[in-house]
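Each chain, letter by letter, is given below.
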Amino acid sequence: MFWGLFFVSVGILLVVQTVLKIDLPIARILFGLVVIYIGFKMVLGSFGINLNGFRVDQIATSNEAVFTEAEFSARKDATTLNKEFSTVFGNSKLDLTGLTADDYKHGFEVSTVFGKTQIKTPADLPLVVETNAVLGSVKVRGEKTTAMGNGVFKTPGFEAEKPHVRIDANSVFGEIEIN
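Position labels on residues start from 1 in each chain and follow its written sequence. In view of the model being predicted, local features appear only for residues whose pLDDT reaches at least 70, and side-chain atom pairs are presented and counted only at 80 or more, with totals across whole chains, interfaces and linings using the full set of residues. By convention in this description, side-chain values take in all heavy atoms of the structure and omit both hydrogens and water.

Caption draft 1: Quick look at the environment of K139. Each helix corresponds to a stretch of at least 4 residues labelled H or I by DSSP, and each strand to a stretch of at least 2 residues labelled E; elements are numbered beginning at the N terminus. With respect to the secondary-structure elements, K139 resides in strand β11 (residues 137-140). Residues K139 and N179 lie 40 residues apart in sequence; the distance between their C-alpha atoms is 8.3 Å. Contact between two residues is taken to exist if any of their heavy atoms lie within 4.5 Å; hydrogens are not considered. Not counting residues within four places of it along the chain, the set of residues in contact with K139 comprises K144, E175, I176, E177 and I178.

Okay, here's the thing in C-alpha coordinates:
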(Lines give C-alpha, C1' and ligand atoms only; values in the text may rest on other atoms or scores of the structure.)
Protein backbone atom coordinates (compact mmCIF):
# COMPACT_ATOMS: atom_id res chain seq x y z
CA MET A 1 0.00 0.00 0.00
CA PHE A 2 2.85 2.37 0.82
CA TRP A 3 4.43 2.12 -2.61
CA GLY A 4 1.08 2.80 -4.30
CA LEU A 5 0.61 5.93 -2.20
CA PHE A 6 4.23 6.85 -2.81
CA PHE A 7 3.83 6.85 -6.61
CA VAL A 8 0.47 8.66 -6.40
CA SER A 9 2.22 11.33 -4.30
CA VAL A 10 4.98 11.62 -6.89
CA GLY A 11 2.40 12.14 -9.62
CA ILE A 12 0.46 14.73 -7.63
CA LEU A 13 3.62 16.65 -6.75
CA LEU A 14 4.75 16.68 -10.39
CA VAL A 15 1.32 17.90 -11.59
CA VAL A 16 1.18 20.62 -8.91
CA GLN A 17 4.70 21.76 -9.77
CA THR A 18 4.01 21.84 -13.52
CA VAL A 19 0.47 23.26 -13.62
CA LEU A 20 0.58 25.71 -10.72
CA LYS A 21 4.23 26.70 -11.32
CA ILE A 22 5.07 26.09 -7.66
CA ASP A 23 8.66 25.15 -6.98
CA LEU A 24 8.56 22.15 -4.63
CA PRO A 25 11.54 20.22 -3.28
CA ILE A 26 10.18 16.92 -4.59
CA ALA A 27 13.27 14.84 -3.82
CA ARG A 28 13.30 16.02 -0.20
CA ILE A 29 9.59 15.37 0.22
CA LEU A 30 9.90 11.86 -1.23
CA PHE A 31 12.94 11.08 0.92
CA GLY A 32 10.99 12.26 3.96
CA LEU A 33 8.08 9.97 3.07
CA VAL A 34 10.41 6.97 2.79
CA VAL A 35 12.00 7.76 6.17
CA ILE A 36 8.55 8.11 7.78
CA TYR A 37 7.51 4.77 6.25
CA ILE A 38 10.59 2.99 7.61
CA GLY A 39 10.05 4.58 11.03
CA PHE A 40 6.43 3.40 11.19
CA LYS A 41 7.42 -0.10 10.17
CA MET A 42 10.07 -0.22 12.90
CA VAL A 43 7.77 1.20 15.60
CA LEU A 44 4.99 -1.23 14.73
CA GLY A 45 7.42 -4.15 14.73
CA SER A 46 6.67 -5.18 11.18
CA PHE A 47 9.99 -4.29 9.62
CA GLY A 48 11.59 -7.41 8.27
CA ILE A 49 13.12 -9.07 5.25
CA ASN A 50 11.24 -11.06 2.60
CA LEU A 51 13.21 -13.78 0.86
CA ASN A 52 11.29 -15.68 -1.86
CA GLY A 53 8.02 -15.32 0.04
CA PHE A 54 9.58 -16.35 3.36
CA ARG A 55 9.54 -13.58 5.96
CA VAL A 56 12.54 -13.09 8.24
CA ASP A 57 12.00 -10.54 11.00
CA GLN A 58 15.10 -11.22 13.05
CA ILE A 59 18.44 -12.78 12.32
CA ALA A 60 20.73 -13.91 15.10
CA THR A 61 23.80 -16.05 14.51
CA SER A 62 26.95 -16.59 16.52
CA ASN A 63 28.38 -13.31 15.21
CA GLU A 64 25.47 -11.34 13.63
CA ALA A 65 22.38 -9.66 15.04
CA VAL A 66 19.86 -8.06 12.68
CA PHE A 67 16.65 -6.52 14.09
CA THR A 68 17.20 -8.28 17.43
CA GLU A 69 19.28 -8.49 20.59
CA ALA A 70 22.13 -10.96 20.93
CA GLU A 71 24.98 -11.99 23.20
CA PHE A 72 28.17 -12.96 21.40
CA SER A 73 31.13 -14.99 22.54
CA ALA A 74 34.41 -14.92 20.67
CA ARG A 75 35.15 -18.60 21.27
CA LYS A 76 32.50 -21.00 19.93
CA ASP A 77 34.49 -24.13 20.74
CA ALA A 78 38.08 -25.28 21.18
CA THR A 79 38.91 -24.86 17.48
CA THR A 80 36.78 -21.92 16.30
CA LEU A 81 37.39 -18.27 17.14
CA ASN A 82 34.99 -15.60 15.86
CA LYS A 83 36.86 -12.44 14.89
CA GLU A 84 34.09 -10.40 13.22
CA PHE A 85 30.82 -9.29 14.80
CA SER A 86 27.97 -7.26 13.27
CA THR A 87 24.90 -5.62 14.72
CA VAL A 88 22.31 -3.97 12.47
CA PHE A 89 19.13 -2.35 13.88
CA GLY A 90 19.64 -4.13 17.20
CA ASN A 91 21.61 -4.43 20.40
CA SER A 92 24.38 -6.84 21.23
CA LYS A 93 26.87 -7.71 23.93
CA LEU A 94 30.26 -9.21 23.19
CA ASP A 95 32.32 -10.87 25.91
CA LEU A 96 36.06 -11.01 25.18
CA THR A 97 37.06 -12.00 28.69
CA GLY A 98 38.29 -15.51 29.34
CA LEU A 99 40.25 -15.85 26.09
CA THR A 100 43.87 -16.90 25.92
CA ALA A 101 46.76 -14.59 25.05
CA ASP A 102 47.02 -16.39 21.70
CA ASP A 103 43.37 -15.48 20.89
CA TYR A 104 44.06 -11.78 21.34
CA LYS A 105 46.85 -11.77 18.73
CA HIS A 106 44.30 -11.97 15.91
CA GLY A 107 42.30 -8.88 16.82
CA PHE A 108 38.56 -8.38 16.46
CA GLU A 109 36.33 -6.36 14.14
CA VAL A 110 33.03 -5.03 15.46
CA SER A 111 30.53 -3.22 13.22
CA THR A 112 27.34 -1.56 14.41
CA VAL A 113 24.77 0.09 12.15
CA PHE A 114 21.72 1.78 13.74
CA GLY A 115 22.24 -0.10 16.99
CA LYS A 116 24.37 -0.52 20.08
CA THR A 117 27.16 -2.96 20.90
CA GLN A 118 28.70 -3.36 24.35
CA ILE A 119 32.09 -5.08 24.50
CA LYS A 120 33.52 -6.48 27.71
CA THR A 121 37.32 -6.77 27.70
CA PRO A 122 39.80 -8.01 30.32
CA ALA A 123 40.52 -5.11 32.67
CA ASP A 124 44.17 -6.10 33.07
CA LEU A 125 45.03 -5.98 29.33
CA PRO A 126 45.66 -2.72 27.45
CA LEU A 127 43.53 -1.93 24.39
CA VAL A 128 44.25 -0.62 20.91
CA VAL A 129 41.03 0.48 19.25
CA GLU A 130 40.94 1.66 15.65
CA THR A 131 37.72 3.61 15.26
CA ASN A 132 35.68 4.50 12.20
CA ALA A 133 32.45 6.37 12.90
CA VAL A 134 29.87 8.01 10.69
CA LEU A 135 27.39 9.94 12.84
CA GLY A 136 27.93 7.32 15.52
CA SER A 137 30.06 7.01 18.59
CA VAL A 138 32.77 4.80 20.01
CA LYS A 139 33.50 4.90 23.74
CA VAL A 140 36.51 3.14 25.21
CA ARG A 141 36.51 2.58 28.97
CA GLY A 142 34.42 5.65 29.60
CA GLU A 143 36.13 8.00 27.14
CA LYS A 144 34.36 9.05 23.96
CA THR A 145 36.95 8.59 21.24
CA THR A 146 35.15 9.17 17.96
CA ALA A 147 31.86 10.64 16.76
CA MET A 148 32.81 11.22 13.15
CA GLY A 149 35.85 10.05 11.23
CA ASN A 150 38.73 7.72 11.97
CA GLY A 151 41.02 7.43 14.93
CA VAL A 152 43.26 5.21 17.00
CA PHE A 153 42.88 4.97 20.76
CA LYS A 154 45.43 3.30 23.02
CA THR A 155 44.81 2.78 26.70
CA PRO A 156 47.49 3.72 29.23
CA GLY A 157 50.14 1.05 29.60
CA PHE A 158 49.97 -0.09 25.97
CA GLU A 159 53.19 -1.54 24.59
CA ALA A 160 53.12 -3.21 21.17
CA GLU A 161 55.30 -6.15 22.20
CA LYS A 162 53.22 -6.98 25.30
CA PRO A 163 49.84 -8.76 25.24
CA HIS A 164 46.97 -6.46 24.35
CA VAL A 165 43.50 -6.54 22.79
CA ARG A 166 43.13 -5.04 19.30
CA ILE A 167 39.65 -4.01 18.15
CA ASP A 168 38.53 -2.41 14.88
CA ALA A 169 35.32 -0.58 15.83
CA ASN A 170 33.02 0.62 13.01
CA SER A 171 29.93 2.59 13.97
CA VAL A 172 27.40 4.00 11.50
CA PHE A 173 24.52 5.83 13.20
CA GLY A 174 25.20 3.56 16.17
CA GLU A 175 27.13 3.23 19.39
CA ILE A 176 29.95 0.95 20.43
CA GLU A 177 30.92 0.91 24.09
CA ILE A 178 34.09 -0.90 25.12
CA ASN A 179 34.67 -1.59 28.82
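Moving on, there is more to tell.
Caption draft 2: Representation of the pattern of salt bridges within the structure. Salt bridge, as used here, is a side-chain nitrogen of Lys or Arg placed within 4 Å of a carboxyl oxygen of Asp or Glu. Going through the model one piece at a time under the given rule, you end up with 5 salt bridges. For E159, the salt bridge identified is with K162, shortest N-O distance 3.7 Å. In this structure E159 comes out as partly exposed when scored by relative accessible area, which is 34%. Using a relative accessible area of 45% as the deciding quantity, one classes K162 as partly exposed. Residues participating in the shared-partner salt-bridge network are E130, R166 and D168. The buried label goes to any residue with under 20% of its type's maximum accessible area, the exposed label to any with over 50%, and the partly exposed label to all in between, with areas taken from a 1.4 Å probe on protein chains only.

Caption draft 3: The side chain of H164, seen in detail. In this structure, H164 sits in the loop between β13 (149-154) and β14 (165-172). Under this definition, polar contacts are N or O atom pairs within 3.5 Å; protein pairs additionally need one hydrogen-donor-capable and one acceptor-capable atom, and for neighbouring residues in sequence, both atoms have to be side-chain atoms. Of note is the side chain of H164, whose polar atom sits 2.9 Å from the backbone oxygen of K162. When residues no more than four places from it in sequence are discounted, the contact partners of H164 are Y104, P126, V128, F158 and E159.

Caption draft 4: View of the nonpolar core. To form a nonpolar core, buried Ala, Val, Leu, Ile, Met, Phe, Trp, Tyr and Cys residues must be joined to one another through side-chain atoms within 4.5 Å. L96, F108, I119, V129, I167 and I178 are the most contacted members of the largest nonpolar core, which totals 24 residues. Take this core: its biggest share by element is 3 residues, from β14. Beyond its immediate stretch of four places on either side in the chain, L96 contacts A74, Y104, F108, I119, K120, T121, P122, V165 and I167. Grouped together as the second largest cluster of nonpolar side chains are 5 residues, F6, V10, L13 and I26 included.

Caption draft 5: Spotlight on the packing of aromatic side chains. Pairing of aromatic side chains requires ring centres within 6.5 Å, counting the rings of Phe and Tyr and the six-membered ring of Trp. Pairs whose planes differ by under 30 degrees are stacked, by over 60 edge-to-face, and all others tilted. Applying the stated criterion to the full structure yields 3 aromatic pairs. Seen in terms of ring centroids, F114 and F173 are 5.0 Å apart; in terms of plane orientation they differ by 5°. Their pairing is stacked. With F114 in the loop between β8 (108-113) and β9 (116-120) and F173 in the loop between β14 and β15 (175-178), this pair connects stretches of sequence that are 59 residues apart.

Scope: geometric values only; no functional claims are made or implied.
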